[in-house]
Amino acid sequence: MSGNSTQNAATPDKHQLNWWLVSERDPNGQVPMTENERPAFLTRRQILATGVAMAGAVPFLPMMRTTAAPEVRTAKLRLTATRTLDVNGKSARVFGLIGSNGNPGITLSPGERFHVDLVNEAGTPTIVHWHGQLPPWTQDGFPWPQTPPIPAGDTHSYDYAPTAGTYWMHSHQGVQEQSLMTAPLIVRSAEDMRADRQEVVVLLHDFSFHTPDELLAELTKSNGSQSALPKSGMGSSVAMGSGSMGAMNSGTMGAMNMGSGMAMDLNDIDYDAFLANDRTFGDPEVIRTEPGGRVKLRLINGASATQFWIDLGALTGTVVAVDGHPVRPVRGSRLPLAMAQRLDMLIDLPGNGSYPIFAAVEGKRARTGIVLAASGAPVSRLAADGRSKCAAGRSLA
């Protein structure tokens, strides 16, 4: 973080991050059961096809190489005090890192600097870490004595050359990360811009209706052999913030008998829900694609204490990057995703259907995820416990 603090408005070439109060409920306090559908975007293929149809009427412009400087942008990244989510029919108040377009996090163009004003409107001190990036150490968001937390109401500036790839941001203050003070940080490369693929970003998280302080207090009372919280399938659960280490005994299927009488714990905490882009699998985000669409899936495990298995169902994907860095391509349909890990996957959709992307909790039936669906394709409601593909007769679309 810079040593200077300012309340002034951001200059035109900066991004600005603020903490704001955001409500997702209607005036009656209800959250409608909607698809939360994200439309398909025009791909290069569609644009070229449109261009062929217009060729007789519009003269072609000379083709230019991509040597121009990135466009100046004025987006804000807002660190919100609280926002309201609907989690399994119950209201939940969480933090948020919201950009000026109303979406979580920030996306940078190739060559664009990470030029950000972080405005703390959360009503409490905080510090945000740009996970996987390599800024100067004073801007890294780690609470060194020389870089104390940002006081409530203050603004801190950041300016560095970012590394291209899939990254994320999260609080390094206490257990704020448990309350969803997390967001994607996507830095596009020139290759990304040339690719004929629709980008889809998925941020996974674990969620509890207990406050982080309550959960931490309960965990510290544990004798180490059992979780301090009751088990009830997907009932009461705890998420640990950054820097905290708890034990996670599983509920339902979280422990495996070892034959000798010992049990192997796969989960210390029995969470209330698991989220993909702030939504459960009872009401997943449905992202519309073109028929036979080409997708780049950017997966981020922002959970505090949960590991996932990514299951593409009927699809097969190609992993091309891990933790923001290119790797030798690996094809598969079921892949592990550890805490804080990121995967970039290329998926070619086979037709006009709908295709769920599952994130199954390691050692449990519980899962979350999103749905990729061609425009107009019906989408059935999916079971959150993994026992069935969908619930008969109930549709999201």
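Refer to the structure above for everything that follows.
Residues numbered from 1 in each chain as written. Predicted model: local features only at pLDDT ≥ 70, side-chain atom pairs only at ≥ 80, totals over all residues. Heavy atoms only, no water.

Please explain the overall build of the chain as it appears in this structure.
Per the secondary structure count, the chain includes three helices and 24 strands. Considering the chain as a whole, with its 397 residues, one finds that 48% of them fall into the buried category. By sequence separation, contacts in the chain at least 24 residues apart represent 72% of the contacts at least 6 residues apart. If you sum the accessible surface of the chain, you get close to 18,800 Å²; carbon and sulfur atoms cover 56% of it. (Helix = DSSP H or I, 4+ residues; strand = E, 2+ residues; numbered from the N terminus. Buried < 20%, exposed > 50% of the residue type's maximum accessible area, 1.4 Å probe, protein only. Contact = heavy atoms within 4.5 Å. Areas by Shrake-Rupley, 256 points an atom, 1.4 Å probe, with all protein chains shown as cover.)

What is the right way to read the nonpolar core from this model?
With 32 residues, the main nonpolar core has Leu-297, Ile-357 and Ile-370 as its most contacted residues. Within the residue set of this core, elements represented by two or more residues are β12 (198–207), β15 (273–276), β17 (294–301), β18 (308–311), β21 (334–337), β22 (342–348), β23 (354–361) and β24 (367–374). The element contributing the most residues to this core is β23, with four residues. With sequence-adjacent residues up to four places away left out, Ile-370 is seen in contact with Val-200, Val-202, Ala-276, Asn-277, Phe-281, Glu-285, Ile-287, Leu-297, Tyr-355, Pro-356 and Ile-357. Counting 19 residues, the second largest nonpolar core, distinct from the first, contains Leu-97, Leu-118, Ala-122 and Tyr-167. (Core = buried A, V, L, I, M, F, W, Y, C linked by side-chain atoms within 4.5 Å.)

Any chance you could explain the sheet that holds β15 here in plain terms?
Two strands in a sheet stick together by hydrogen bonds in their backbones, pointing the same way (parallel) or opposite ways (antiparallel). Spatially, six strands are ordered β15-β12-β17-β22-β19-β20 in an open sheet, and the strand pairing comes out mixed. Edge strands, defined here as strands with exactly one partner in the open sheet, are β15 and β20 (325–332). Averaged over all pairs of adjacent strands, the angle between strand axes in this sheet comes to 25 degrees, irrespective of strand direction. Pairing of β17 with β22 involves seven bridges; the strand directions are antiparallel. Directly across from Arg-294, in β22, lies its bridge partner Asp-348. (Pairing = 2+ DSSP bridges. Axes fitted to C-alpha atoms, helices over the stretch in contact; angles between N-to-C directions.)

Looking at this structure, I do not really get the side chain of Thr-126. What am I missing?
Note on placement: Thr-126 falls in the loop between β7 (114–119) and β8 (128–131). Overall, the relative accessible area of 0% leaves Thr-126 in the buried class. Of note is the side chain of Thr-126, whose polar atom sits 2.5 Å from the side chain of Gln-176. (Polar contact = N/O pair within 3.5 Å; in protein donor to acceptor, adjacent residues only side chain to side chain.)

Would you mind going over a nonpolar patch on the surface with me for this structure?
Together, Trp-137, Phe-142 and Trp-144 line one region of the surface with nonpolar side chains, adding up to about 340 Å² of accessible area. For Trp-137, the location among the structural elements is in the loop between β8 and β9 (155–160). (Patch = residues over 30% accessible without salt bridge, like charges linked within 9 Å, V, L, I, M, F, W, Y side chains within 5 Å. Salt bridge = Lys/Arg side-chain N within 4 Å of Asp/Glu carboxyl O.)

Could you clarify how one ought to interpret the packing of aromatic side chains in this entry?
Here a ring pair, both rings aromatic, is described through the centre-centre distance and the interplanar angle of the planes. This structure, assessed with the given rule, holds eight aromatic pairs. Ring centres of Phe-274 and Phe-308 lie 6.2 Å apart, and the angle between their planes is 90 degrees; on these two criteria the pair is classed as edge-to-face. One end of the pair, Phe-274, is in strand β15; the other, Phe-308, is in strand β18, with 34 residues separating them in the sequence. By the burial criterion, Phe-274 is buried, and Phe-308 matches it. Put simply, the rings of Phe-114, Trp-130, Tyr-158 and Tyr-160 touch in pairs and so form one group of aromatic residues. Between the NZ or CZ atom of Lys-90 and the centre of the ring of Phe-209, over which it lies, the distance is 4.1 Å. (Phe/Tyr/Trp six-rings, centres within 6.5 Å; stacked < 30°, edge-to-face > 60°. Lys NZ or Arg CZ within 6 Å of the ring centre and 35° of its normal.)

Can you walk me through the pattern of salt bridges in this structure?
Between side chains of opposite charge, a pair can form when the charged atoms approach closely. Taken as a whole and judged by the stated rule, the model has 13 salt bridges. A salt bridge links Arg-298 to Asp-192; its shortest N-O distance comes to 3.0 Å. A residue pair is termed long-range when its members are at least 10 positions apart, and Arg-298 in strand β17 and Asp-192 in helix α2 (residues 190–194) qualify at 106 residues. Residues Arg-298 and Asp-192 agree in their burial class; the two are buried. Put simply, Arg-188, Asp-192, Glu-199, Lys-296, Arg-298 and Asp-344 are held in one network by salt bridges that share partners.

Help me understand the sheet that holds strand β11 (residues 182–187) in this model?
Pairing is mixed across the open sheet formed by four strands, whose spatial order is β6-β11-β10-β8. Since the sheet does not close on itself, it has two edges, and those belong to β6 (106–108) and β8, each with one partner. Shown here is a sheet whose adjacent strand axes are inclined to one another by a mean of 20 degrees, direction ignored. When β8 meets strand β10 (residues 165–171), the two strands line up antiparallel, connected through four bridges. Within the sheet, the bridge partner assigned to Trp-130 lies in β10 and is Met-169.

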